[in-house]
Amino acid sequence: MTGAICLFMSLALLGETFAVQEVFRSGVDGVIIPVTVRTGNRPIGGLTAADFELRDNGVAQEIQNASAEKIPIDLTLLLDLSASVDGPTLQRLKTAVADTAALLRPDDRIRLVTISQVLNEVFSLRPKEDAMVLDGLTAEGATSLYDGLAATMMRPSTPGRRQLIVAFTDGRDSTSIIDQNTARAIARLTDALVNIVVPVGGAPANVARRLSQRSGSLDSLGGGSNLVINGQGGGAATDGVPPVLADLVAPTAGQVVTLEGDESISRIFKSMLDDFRATYVLQYVPRGVAPEGWHEIDVTVKKHGKYDVRARRGYRGRSTIPSPEER
């Protein structure tokens, strides 16, 4: 079986029924929007529904509930295990998986997916008490980053649970079937919050990867800065992070965080989990707006003060089937 065929089958398996699901829906008409409120580096707790103002396509809505920490979490760790992370980084990733699982509460669940030129669901959603065999994880090959992000974002949330995806990657895609525009479109529809951790510093990631590849492999031949991948150039921001990553996670209210040198991966994962626990889930029934089409969301905090508010940017409403007279 070729890598492309195996990857396609993995996408179909992990993606499940994303194409027909309606995201952000609670029952028939309810909508849920995750919101993070910070001042400086400190998350703000203790807010109620009355402290928020939410506009759906410009129309103010009545927020019925603003719950937070009590909602169980489904955490997906998506690890780039291409050849560039072989060695000490791979062991640090294994430690981070175990450390993060230990932080989960009894009603939380964790899932591990790895990406190289193929996708691999190492284990499905499970409580932290269940065995997690990590010794078999190895790093090799190229990176199908967009495919991995798409596959994890396409999984619908279980009712009554929140979904967090934390991806670790150098940010360079080399073998995905889908392109970054498709990945961005999926990010607009997912009901997960997506964070990405990108290691920076030392040798440029694309150079390190090429040096670690077997001579003549796809990534060793195609890692230069002049490479065009999926119709896009291989450039990066000054900190080494491809700008497309911030654009991709922004609709989910997620963020891209850099990892410097030997900085603790476990600490970064813990910080993201802690921040997610402090995320509010605003629930409302849309009033005064058409049910179908794309809905732009704007959330602000009414209380006096300077707040950094990160909220999902929108959702796709229900499609309507025209009557025979309208066809």
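It should be noted that the structure appears before, not after, this text.
Notes on the structure in this doc start here.

About the thresholds
- Residues numbered from 1 in each chain as written.
- Predicted model: local features only at pLDDT ≥ 70, side-chain atom pairs only at ≥ 80, totals over all residues.
- Heavy atoms only, no water.
- Helix = DSSP H or I, 4+ residues; strand = E, 2+ residues; numbered from the N terminus.
- Expected span 1.5 Å × (residues − 1).
- Buried < 20%, exposed > 50% of the residue type's maximum accessible area, 1.4 Å probe, protein only.
- Arc of directions from axis to C-beta.
- Contact = heavy atoms within 4.5 Å.
- Polar contact = N/O pair within 3.5 Å; in protein donor to acceptor, adjacent residues only side chain to side chain.
- Salt bridge = Lys/Arg side-chain N within 4 Å of Asp/Glu carboxyl O.
- Phe/Tyr/Trp six-rings, centres within 6.5 Å; stacked < 30°, edge-to-face > 60°.
- Lys NZ or Arg CZ within 6 Å of the ring centre and 35° of its normal.

This part takes up helix 2 (residues 88–102). The end-to-end C-alpha separation of helix 2 is 21 Å, in line with the 21 Å expected for 15 residues at 1.5 Å each. Taken together, the buried positions of helix 2 are occupied by Leu90, Leu93, Lys94, Ala96, Val97, Thr100 and Ala101. Seen end-on, helix 2 carries its buried residues on one side only, within an arc spanning 160°. Away from its buried face, by an angle of more than 90 degrees, helix 2 presents the exposed residues Pro88 and Ala102. Contacts made by the buried residues of helix 2 are with strand 7 (73–80), strand 8 (109–115), strand 10 (162–168) and helix 8 (265–277).

Another point: helix 8. A rise of 1.5 Å per residue sets the reference length of helix 8, with its 13 residues, at 18 Å; its end C-alpha atoms lie 19 Å apart and thus fit the reference within 8%. Among the residues making up helix 8, those that are buried are Ile265, Ser266, Ile268, Phe269, Met272, Leu273, Asp275, Phe276 and Arg277. Its side-chain oxygen 3.3 Å from the backbone nitrogen of Ser266, Ser264 forms the N-cap of helix 8.

Structurally, the position occupied by Thr252 is in the loop between helix 7 (243–249) and strand 14 (256–260). Counting along the chain gives 218 residues from Thr252 to Pro34, while the straight-line C-alpha distance between them is 8.6 Å. Setting aside its immediate chain neighbours within four residues, Thr252 contacts Ala187, Thr190, Ala192, Leu193, Val194 and Arg312. A polar contact of 3.1 Å, which involves the side chain of Thr252, links it to the backbone nitrogen of Val194. A distance of 2.7 Å separates a polar side-chain atom of Thr252 from the backbone oxygen of Val249.

Enumeration according to the criterion identifies eight salt bridges in this entry. In this structure, Asp275 and Arg38 form a salt bridge, with 3.0 Å as the shortest nitrogen-oxygen distance. Highlighted residues: Asp275 in helix 8 and Arg38 in strand 2 (residues 30–39), separated in sequence by 237 residues. On the basis of relative accessible area, Arg38 is assigned to the buried category, the value being 10%. Of the charged contacts, one joins Arg55 and Glu53 as a salt bridge, the two residues approaching to 3.6 Å between their closest N and O atoms. The exposure class of Arg55 is partly exposed, given its relative accessible area of 31%. By relative accessible area, Glu53 is classed as partly exposed at 30%.

The next thing to look at is the packing of aromatic side chains. To describe a pair of aromatic rings, one takes the distance between the centres and the angle between the planes. All chains considered together, the criterion is met by one aromatic pair. Ring centres 5.3 Å apart and planes at 65° place the aromatic pair Phe52 and Tyr280 in the edge-to-face group. Of the two residues, Phe52 sits in strand 4 (residues 52–56) while Tyr280 sits in strand 15 (residues 280–284), which places them 228 residues apart along the sequence. For the pair Phe52 and Tyr280, one class covers both residues: buried. Directly above the aromatic system of Phe276 lies the positively charged group of Arg162, at a separation of 4.7 Å from the ring centroid.

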